[in-house]
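# Results of the structural survey
The residues making up each chain are set out below.
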Amino acid sequence: MIRTRFAPSPTGVLHLGSVRTALYCWLYARHHNGQFVLRIEDTDKERSTRENVDAILEGMTWLGLDWDEGPSYQSDREDRYREVIDQWLAEGKAYHCYCTKAELDELREKQMAAGGHVRYDGRCRDRTEPRPGVDPVVRFRNPVDGEVVVEDLVRGQVVFQNEQLDDLVIARPDGSPTYNFSVIVDDYDMKISHVIRGDDHLNNTPRQMNMLRALGVEPPVYAHLPMILGPDGSKLSKRHGAVDIREYQEQGYLPEAMLNYLVRLGWSHGDQEIFSRDEMIELFDVKDVNQSASSFNPEKLLWLNQQHILATSAPELGRQLQPFLARAGLDPADGPDPEHVATGFHERAETLLHMAASARYCYEDFDVIDEKSAKKHLRPVILEPFRVARNRLAELEHWGQTAIHEVIESAAADFDINLGKLGQPIRVAVTGGPVSPPIDVTLWLVGQERTLRRMDHAIGLIEARASASS
Ligand code: GLU
């Protein structure tokens, strides 16, 4: 059974890099009909917050990265960690270390002065007597020689020498377990088969493997993912723009586009760029992840967002558009169904935020018509065909796209002008600007009553202009 886990520390926002890790873990589990576990690594009590946990859960839910188990919290499992510590102490797999900070500092300085490797020298390994007045830490008795071989699915074979690894502290003086130790107890208890995580953890891996072996199990398979870089080649961070997944949600990116963009940061399948969720599940394999870091490219993300806007069904897009309309202060009760707006606007919108802003005139009157457009298109020559079109639109009993189209076409034909010559002035009158979906779709969305009112207003403007120039 393939079991992966996403194990974020809730010490900050849900970063794009973490989302990519979560995605790869999720895809790998889904591809193999395995299970995906969510584990919150909140051992750092000072920096872990409930708000950050909520942001993780909300982000994962928004993205549709559903988990089969969890969320479990390391802070709930301290008794279990202590149980293993006690067991290891009893078995001699761990020992109390009474060294003071001053002693350890002195050791480090000596080692540095000698130009050697800085590491704990194991001086308490065989100590049996407590040291009065000192609360000891607990250290893991790491093997002193031999090597640890990581057969990493991304990095290939990576070999570490045990003599380079010192005896890791697994419990602090107050008894609380440390990070690397909690991770291995969890990976063991949760029967994780594949650990997929950022390559900043590669150096922890040999220590974790040794500890898992001390528990009597073979470690899981590891895959360490390369970093995501900003355009300047340094690790992607706030300096490069938004890295918090929530910001992308608020800017109107679709979850499908985010996943598609992130899956390609470090993985490819031929030269295919656009992947549906199901295709990702079918095609993704962690073995195909690149070894080298990849760079974040906001333009490509925007492009993918447009592609996914085009590929999303109208009901779904309408559903996702709703909160953006609400945030723009627009109420669907005052205009068209958001689903219809989605269909009308999807070819032009880069984001849902942009779509909601573009559709404002469907729900709300505008104050003034764009001056340049009015000057160019609301001219006396168009007055008569414009008026005829307005009157025929007023007579329509069924406000439908085909009927609207026929009216404008017939009015244009009666005056022997092409459709666009009449359509553009109507567009300017009804939307206040020169850009909108096809004119029949636009008027249909705006509705009959608003269309006629705005056309009447434009007729007034054209008449005033005609009398001013005569
Ligand atoms: N909690 C760690 C982090 O957020 C992940 C540790 C792991 O995946 O083993 O970086």
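The following refers to the structure shown.

Below, the discussion takes up the sheet that holds strand β4 (residues 94-97). Taken in spatial order, the three strands line up as β4-β5-β8 in an open sheet, and their pairing is antiparallel. Single-partner strands in this sheet number two, and they are β4 and β8 (169-171). Across this sheet, the average inter-strand angle for adjacent strands is 45 degrees, counted without regard to direction. Pairing between β4 and strand β5 (residues 137-140): four bridges, direction antiparallel. Its bridge partner being in β5, C97 is matched across the sheet by V137.

Further remarks concern the environment of I426. On the secondary structure map, I426 appears in helix α18 (residues 419-431). Between the C-alpha atom of I426 and that of N180, which follows or precedes it by 246 residues, the distance is 67 Å. Leaving out residues up to four positions away in the same chain, I426 has contacts with F386, A389, I408, I439, L443 and M455.

Moving on: helix α4 (residues 101-113). The end-to-end C-alpha distance of α4, which contains 13 residues, comes to 18 Å, matching closely the 18 Å that a straight helix rising 1.5 Å per residue would cover. G115, located one to two residues past α4, shows a positive phi value of around 75 degrees.

A word on unusual backbone geometry. Put simply, G70 and P71 share a cis peptide bond, and its omega is 0 degrees. Within the fold, P71 resides in strand β3 (residues 69-73). Not every positive phi belongs to a glycine, and D416 is a case in point at roughly 60 degrees.

Let's shift gears to the site of the ligand. Surveying the vicinity of the ligand reveals the residues R5, A7, P8, S9, E41, Y179, R197 and H201. Residue S9 places a side-chain N or O atom 2.8 Å away from a nitrogen atom belonging to the ligand. Protein coverage of the free-state accessible area of the ligand, which is 300 Å², stands at 80%. Classifying every residue of the shell around the ligand gives three nonpolar, two polar and three charged.

Right, let's get into the nonpolar core. If you look at the biggest cluster of nonpolar residues, it comprises 51 residues, and the most contacted ones within it are L23, Y24, M258 and F296. Within the residue set of this core, elements represented by two or more residues are α1 (16-31), β2 (35-40), α2 (50-63), β10 (221-225), α7 (245-250), α8 (255-264), α9 (277-283) and α10 (298-311). For this core, the leading source of residues is α1, giving ten residues. In this structure, L23 is in contact with L65, L259, L262 and V263, ignoring residues within four places of it in sequence.

Moving on, we come to a positive patch on the surface. Residues K375, R379, K421 and R465 make up a contiguous surface patch of positive charge. Following the sequence through the fold, R465 ends up in helix α20 (residues 448-469).

Time to look at the pattern of salt bridges. Under the defined criterion, the tally for this structure stands at 41 salt bridges. Between R47 and D44 there is a salt bridge, with the nearest N and O atoms lying 3.1 Å from each other. The residue R387 makes a salt bridge to E384 at a minimum N-O spacing of 3.5 Å. With a gap of three residues between them, R387 and E384 both fall in helix α16 (residues 383-395), about one helical turn apart. Owing to a relative accessible area of 27%, R387 belongs among the partly exposed residues under this scheme. Here the salt bridges share partners, and the residues they tie into one network are R5, R39, E41, R77, R80, E83, D186, D187 and D189.

What follows concerns the packing of α8 against α10. α10 packs onto α8 with a crossing angle of 135 degrees between their chain directions and a minimal axis gap of 8 Å. Here α8 is positioned oblique relative to α10, judged by the angle of their axes. As α8 packs across α10, the resulting crossing turns out to be right-handed. Side by side, α8 and α10 meet where E256, A257, M258, N260, Y261 and R264 of the first sit next to K300, L301, L304, N305 and H308 of the second. Of the residues that constitute the contact of α8 with α10, the class distribution is five nonpolar, three polar and three charged.

Residues that lie three or four places apart on an α-helix share one face, since the helix turns once every 3.6 residues. Taking 1.5 Å of rise per residue, the 13 residues of α16 would be expected to cover 18 Å, and the 19 Å separating its terminal C-alpha atoms lies within 8% of that figure. Looking at the buried positions of α16, the neighbouring elements they touch are α17 (401-414), α18, α19 (439-446) and α20.

Rules used in this analysis
- Residues numbered from 1 in each chain as written.
- Predicted model: local features only at pLDDT ≥ 70, side-chain atom pairs only at ≥ 80, totals over all residues.
- Heavy atoms only, no water.
- Pairing = 2+ DSSP bridges.
- Helix = DSSP H or I, 4+ residues; strand = E, 2+ residues; numbered from the N terminus.
- Axes fitted to C-alpha atoms, helices over the stretch in contact; angles between N-to-C directions.
- Contact = heavy atoms within 4.5 Å.
- Expected span 1.5 Å × (residues − 1).
- Near = heavy atom within 4 Å.
- Polar contact = N/O pair within 3.5 Å; in protein donor to acceptor, adjacent residues only side chain to side chain.
- Areas by Shrake-Rupley, 256 points an atom, 1.4 Å probe, with all protein chains shown as cover.
- Nonpolar A, V, L, I, M, F, W, Y, C, P; charged D, E, K, R; others polar.
- Core = buried A, V, L, I, M, F, W, Y, C linked by side-chain atoms within 4.5 Å.
- Buried < 20%, exposed > 50% of the residue type's maximum accessible area, 1.4 Å probe, protein only.
- Patch = residues over 30% accessible without salt bridge, like charges linked within 9 Å, V, L, I, M, F, W, Y side chains within 5 Å.
- Salt bridge = Lys/Arg side-chain N within 4 Å of Asp/Glu carboxyl O.
- Lys, Arg positive; Asp, Glu negative; His and termini not counted.
- Charge placed at Lys NZ, Arg CZ, Asp CG, Glu CD.
- Parallel < 35°, antiparallel > 145°, perpendicular 65-115°, else oblique.
- Left-handed = near helix turned anticlockwise from the far one by under 90°.

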